[in-house]
Amino acid sequence: MEFILVFVLCPIIVLVASIIGYLVVKKWFILPLLTFIVFTILTFTVFNESFFFWVVFYTILSLIISFIMKAITK
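Residues numbered from 1 in each chain as written. Predicted model: local features only at pLDDT ≥ 70, side-chain atom pairs only at ≥ 80, totals over all residues. Heavy atoms only, no water.

Draft legend 1. Region of the structure containing the overall build of the protein chain. A tally of regular secondary structure across the protein chain gives three helices and zero strands. Its C-alpha radius of gyration of 12 Å places the protein chain within 12% of the 11 Å reference for a compact globule of 74 residues. Judged by the C-alpha coordinates and their principal axes, the protein chain covers about 40 × 20 × 15 Å. Relative to its full complement of 74 residues, the protein chain shows a buried share of 31%. Carbon and sulfur atoms provide 81% of the accessible area of the protein chain, an area that totals close to 5000 Å². (Helix = DSSP H or I, 4+ residues; strand = E, 2+ residues; numbered from the N terminus. Rg over C-alpha atoms; globule rule 2.2 N^0.38 Å. Buried < 20%, exposed > 50% of the residue type's maximum accessible area, 1.4 Å probe, protein only. Areas by Shrake-Rupley, 256 points an atom, 1.4 Å probe, with all protein chains shown as cover.)

Okay, here's the thing in structure tokens:
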């Protein structure tokens, strides 16, 4: 079950949240920062320290999506 969560569900959530968040806030750095904070909290409360690799990955994914949305909306 964790495999599906890490490889399918979390990237989809990050993708959708980054798109909607950028459209609402219009700032490229808010959602990557929020993604990093939320997933870091989840690392130490729900998962273990090895999940921190995925925290960095999801933050970079959110950053890329935010820059793409910034380029599209200009």
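We are not done yet, so read on.
Draft legend 2. Structural context of the confidence of the model for the protein chain. Of all residues in the protein chain, 100% attain a pLDDT of 70 or more, and the chain-wide mean is 93. Across the protein chain, the element-wise mean pLDDT spans from 92 in helix H1 (residues 2-25) up to 96 in helix H3 (residues 52-73). (pLDDT = per-residue confidence, 0-100.)

Draft legend 3. How the structure looks around the nonpolar core. Residues Val-6, Cys-10, Val-14, Phe-39, Phe-47, Phe-51, Trp-54, Val-55 and Tyr-58 constitute the largest nonpolar core, which totals nine residues. Once you skip the residues sitting within four places of it in the chain, Phe-47 turns out to touch Leu-5 and Leu-42. (Core = buried A, V, L, I, M, F, W, Y, C linked by side-chain atoms within 4.5 Å. Contact = heavy atoms within 4.5 Å.)

Draft legend 4. Layout of H1. Where H1 bends most, the angle comes to about 35°, and this point is Leu-9, followed within four residues by the proline Pro-11. Those residues of H1 lying buried are Val-6, Cys-10, Pro-11, Val-14, Ser-18, Gly-21 and Tyr-22. Of the surrounding elements, those touching the buried residues of H1 are helix H2 (30-45) and H3. Positive phi shows up at Lys-26, right after H1, with a value of about 65°. (Bend = angle between axes of the 7 residues up to and from the residue.)

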